[in-house]
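An overview of the molecular structure
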Amino acid sequence: MPIRWGDMDAMGHVNNTVYFRYIEQARISWFDLVACTPDPAGEGPVIVNAHCSFLKQLKYPGEIEIRTFVGPPGRSSFEMFHQIRLVGADGNPGDLHAEGGAKVVWVNFPAEKSVPLPSAICKLLPPQKLLPGK
């Protein structure tokens, strides 16, 4: 994904809020890839929280790679995690510049409440690991 001139702020680096846009785009791309885009008349994913740790500044011009990971399913939710890396002159992703994520909850939009994750989505997620003694 390219870093755009308009992504920068008066301090000369990518504004913190833009990192959330980068993560949002990666999340939506994953939703599109697995065919789980929201259906306002039915069900779909929403996020209930989002977080980002800013490790190194990004500046224009540049290109980033966002790696996306998903966690195991809960009843109606799962976690998504993202790493933002600056792509080097050699075309390979380099240092980690930010990491973040969001909790995704499956909802029935007309009812405005959470519902169990569809089995098709659960099959895409890693299995839950039991803690020792459980």
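Look up: the structure comes first, before these words.
In what follows, the accompanying structure is described. (Residues numbered from 1 in each chain as written. Predicted model: local features only at pLDDT ≥ 70, side-chain atom pairs only at ≥ 80, totals over all residues. Heavy atoms only, no water.)

**Things to note about the overall build of the protein chain**
When its secondary structure is counted, the protein chain shows 2 helices and 6 strands. Listed by position from the N terminus, the elements making up the protein chain come as β-α-β-β-β-β-β-α. Scored against the burial criterion, the 134 residues of the protein chain give a buried share of 34%. Relative to all contacts within the protein chain whose residues are 6 or more apart in sequence, the contacts with residues 24 or more apart total 64%. Of the roughly 8,100 Å² of accessible surface on the protein chain, 56% is carried by carbon and sulfur atoms. (Helix = DSSP H or I, 4+ residues; strand = E, 2+ residues; numbered from the N terminus. Buried < 20%, exposed > 50% of the residue type's maximum accessible area, 1.4 Å probe, protein only. Contact = heavy atoms within 4.5 Å. Areas by Shrake-Rupley, 256 points an atom, 1.4 Å probe, with all protein chains shown as cover.)

**A closer look at helix 1 (residues 16–33)**
For helix 1, built from 18 residues, the straight-helix expectation of 26 Å at 1.5 Å per residue is met to within 8% by its first-to-last C-alpha distance of 27 Å. Buried residues along helix 1 sit in contact with strand 1 (2–3), strand 2 (43–54), strand 3 (62–70), strand 4 (77–87) and strand 5 (93–108). Downstream of helix 1 by one or two residues, Ala 35 has phi in the positive range, about 55°. (Expected span 1.5 Å × (residues − 1).)

**Quick notes on unusual backbone geometry**
Note that the residue after Tyr 60, namely Pro 61, is joined by a cis bond; omega there is -5°. Positionally, Pro 61 belongs in the loop between strand 2 and strand 3. Here the phi dihedral of Ala 35 falls at roughly 55°; this positive angle occurs in a residue that is not glycine. Considering the arrangement of structural elements, one finds Ala 35 in the loop between helix 1 and strand 2. Overall, the relative accessible area of 69% leaves Ala 35 in the exposed class.

**Topic: the nonpolar core**
Core analysis: the biggest nonpolar cluster contains 13 residues, and Val 14, Tyr 19, Tyr 22, Leu 58, Ile 64 and Ile 84 have the highest contact counts within it. Broken down by secondary-structure element, the contributors of at least two residues to this core are helix 1 and strand 3. The greatest single-element share of this core, amounting to 5 residues, is contributed by helix 1. Formed by 12 residues, the second largest nonpolar core is a distinct cluster that contains Val 34, Val 115, Leu 117 and Leu 125. (Core = buried A, V, L, I, M, F, W, Y, C linked by side-chain atoms within 4.5 Å.)

**A word on the environment of Val 18**
Mapped onto the fold, Val 18 is located in helix 1. Between the alpha carbons of Val 18 and Ile 84 there is a distance of 12 Å; along the sequence they are 66 residues apart.

**Topic: the pairing of strand 5**
Pairing between strand 2 and strand 5: 11 bridges, direction antiparallel. Along strand 5, the bridge assignment pairs His 51 with Gly 101. Examined bridge by bridge, strand 4 and strand 5 share 10 bridges and lie antiparallel to one another. Residue His 82 lies in a different strand from strand 5, and its bridge partner there is Gly 100. Counting the residues that bridge the hairpin from strand 4 to strand 5 gives 5 residues, and of these Gly 91 lies at a positive phi of roughly 85°. (Pairing = 2+ DSSP bridges.)

**Let's talk about the pairing of strand 4**
Pairing geometry for strand 3 and strand 4, over 7 bridges, is antiparallel. Each residue of the ladder has a partner; that of Thr 68, found in strand 4, is His 82. The antiparallel hairpin formed by strand 3 and strand 4 contains 6 residues in its connecting segment.

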